[in-house]
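Structure assessment
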Amino acid sequence: MQFSAPIYILKRKARLLARETDAPLHQALDKVAAREGYRSWSHLASSKDNEHLAQDVLLQLNSGDLCLVGARPGQGKTRVGLTLAAQASCLERKGYFFTLEYHAGDVVDLLTDVGVDPRSAKSAVVVDTSDDISADYIIRRLSAETAPALIVVDYLQLLDQKRSHPSLDDQMRSLRHYVDETGAICALISQIDRAFDLGGKPMPGVSDIRLPNPLDLSVFKKFFFLHNGKIRLHKDA
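The following paragraphs examine the structure supplied in this document. (Residues numbered from 1 in each chain as written. Predicted model: local features only at pLDDT ≥ 70, side-chain atom pairs only at ≥ 80, totals over all residues. Heavy atoms only, no water.)

Brief notes about the overall build of the chain
Along the backbone of the chain there are nine helices and seven strands. Relative to its length of 237 residues, the chain is compact, with a C-alpha radius of gyration of 19 Å against a globular reference of 18 Å. Taken over the C-alpha atoms alone, the chain extends approximately 65 × 45 × 30 Å along its principal axes. Considering the chain as a whole, with its 237 residues, one finds that 49% of them fall into the buried category. Look at the contacts in the chain between residues 6 or more apart in sequence, and 71% of them connect residues 24 or more apart. Accessible surface for the chain amounts to roughly 11,900 Å². Of this, 48% is attributable to carbon and sulfur atoms. With 30 positive and 30 negative side-chain charges, the chain shows a separation of 5 Å between the mean positions of the two kinds. (Helix = DSSP H or I, 4+ residues; strand = E, 2+ residues; numbered from the N terminus. Rg over C-alpha atoms; globule rule 2.2 N^0.38 Å. Buried < 20%, exposed > 50% of the residue type's maximum accessible area, 1.4 Å probe, protein only. Contact = heavy atoms within 4.5 Å. Areas by Shrake-Rupley, 256 points an atom, 1.4 Å probe, with all protein chains shown as cover. Lys, Arg positive; Asp, Glu negative; His and termini not counted. Charge placed at Lys NZ, Arg CZ, Asp CG, Glu CD.)

Some remarks on the state of the cysteines
Taken as a whole and assessed by the stated rule, the structure comprises zero disulfides. Unpaired in this structure, Cys67 has its nearest cysteine sulfur neighbour in Cys186, at a distance of 7.4 Å. Accessibility expressed as a relative area gives 0% for Cys186, which makes it buried. (Disulfide = S-S within 2.5 Å.)

Quick look at helix α2 (residues 25–35)
Residues spaced three or four apart along an α-helix face the same direction, because each turn holds 3.6 residues. Inspection of α2 places Ala28, Leu29, Val32 and Ala33 among the buried residues, and these make up the whole buried set. Each buried residue of α2 lies within a common arc of 140 degrees when the element is viewed along its axis, so the set occupies one face. Within two residues after α2, Gly37 carries a phi angle of roughly 95 degrees, on the positive side. (Arc of directions from axis to C-beta.)

A word on the pairing of strand β7 (residues 230–234)
Examined bridge by bridge, strand β6 (residues 222–227) and β7 share five bridges and lie antiparallel to one another. Following the sheet pairing, Leu226 is matched in β7 by Ile231. Between β6 and β7, which pair antiparallel in sequence order, lie two residues; one of them, Asn228, sits at a positive phi of approximately 50 degrees. (Pairing = 2+ DSSP bridges.)

Examining the environment of Thr146
By secondary structure assignment, the location of Thr146 is in the loop between α7 (135–141) and β4 (149–154). Residue Thr146 is classed as exposed on the basis of its relative accessible area of 79%. On a C-alpha basis, the gap between Thr146 and Gln157 in space is 29 Å, while along the polypeptide they are 11 residues apart.

Considerations on the environment of Leu150
Relative to the assigned elements, Leu150 resides in strand β4. With 54 residues separating them along the chain, Leu150 and Tyr96 place their C-alpha atoms 6.2 Å apart. Apart from residues lying up to four places away in sequence, Leu150 is in contact with Leu58, Leu61, Leu84, Ala85, Ala88, Leu91, Arg93, Lys94, Gly95, Tyr96 and Ile185.

Observations concerning the packing of aromatic side chains
If you walk through the whole model with that rule in mind, you get four aromatic pairs. Consider the rings of Tyr96 and Phe98, whose centres lie 6.2 Å apart with planes at 10 degrees: the pair is stacked. Considering the side-chain rings of Phe223 and Phe225, the 6.3 Å spacing of their centres and the 0 degrees angle between planes classify their relative orientation as stacked. Judged on exposure class, the residue Phe223 and its partner Phe225 are both buried. A network of ring pairs unites the aromatic residues Tyr96, Phe98 and Tyr137 as a single cluster. (Phe/Tyr/Trp six-rings, centres within 6.5 Å; stacked < 30°, edge-to-face > 60°.)

Some thoughts on the pattern of salt bridges
Inspection of every chain in the model, using the stated rule, returns nine salt bridges. Between Lys221 and Asp180 there is a salt bridge whose closest N-O contact spans 3.7 Å. With a gap of 41 residues between them, Lys221 in the loop between α9 (196–199) and β6 and Asp180 in helix α8 (residues 168–182) connect regions that are remote in the sequence. Looking at Asp180, the relative accessible area reads 43%, which means it is partly exposed. In this structure, the salt-bridge partner of Lys201 is Asp208, at a minimum N-O distance of 2.5 Å. Residue Lys201 is classed as partly exposed on the basis of its relative accessible area of 37%. (Salt bridge = Lys/Arg side-chain N within 4 Å of Asp/Glu carboxyl O.)

Comments concerning unusual backbone geometry
At the junction of Asp154 and Tyr155, the peptide bond is cis and its omega measures out at 0 degrees in the coordinates. Mapping Tyr155 onto the fold places it in the loop between β4 and α8. The backbone phi angle of Asp22 is positive, close to 55 degrees, even though this residue is not glycine. Here Asp22 is to be found in the loop between α1 (7–21) and α2. Here Asp22 falls in the exposed class, since its relative accessible area comes to 72%. One non-glycine residue, Glu92, adopts positive backbone phi at about 55 degrees. You can see Glu92 is positioned in the loop between α4 (77–86) and β2 (94–99). Judged by relative accessible area, which is 70%, Glu92 ranks as exposed.

Structure, rendered in structure tokens:
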């Protein structure tokens with residue numbers, strides 16, 4: 001969702017509104033945010049943060065990239081991933097968001113949280129919440145797509161929960177082959193092991209990726225790690 005003015009102008013409007021109405025600044029900020037279509041100023045600000053982080057990722061993606069976006073719970077990795085898919089047009093691509101974590105109703109709320117109008121979301125990003133999501137499912141789903149795709153999958157560790165699906169390692173090799181052949185871009189959202197919380201490091205790394213099942217991480221071309229509102233690129237395993 002585009003703001004009617006740069007955020008510093010919106011803050012200035014809120015300060016003027018607070019003076020004119022003799023209201024607390026936080027109330028004026030919330031009123032200005034409501035006019036922009038957000039629940040509150042904090043909602044507006046977090047949406048902007050998601051957009052900045054997603055832009056940081058977009059600027060470093062190339063055709064054929066299979067990458068991983070990892071973070072601990074509560075760091076906003078799903079919202080960043082959804083924003084990434086919604087902004088695929090910046091790379092002249094169509095965005096797809098496949099999730100095994102959320103139902104359709106949940107995704108509507110998430111779209112609102114990242115500043116995408118759910119009523120027009122179909123034009124911004126294709127959302128798929130099927131229980132059958134796997135690498136083969138994603139590849140079949142995109143088989144008729146003629147435009148370049150930017151695919152976000154939420155999330156890596158859920159892809160081989162069904163015994164009928166290939167191993168996680170086989171699925172990632174299939175996705176790597178698919179993006180190599182088609183020039184698509186695919187980002188896998190990933191959990192980070194909880195031991196990271198006790199390690200004192202400022203940012204997770206490849207060794208912190210949670211791997212309940214074997215996976216050769218060299219299949220990924222790039223790794224992005226998110227923590228405390230910052231994102232960092234790591235290029236290889």
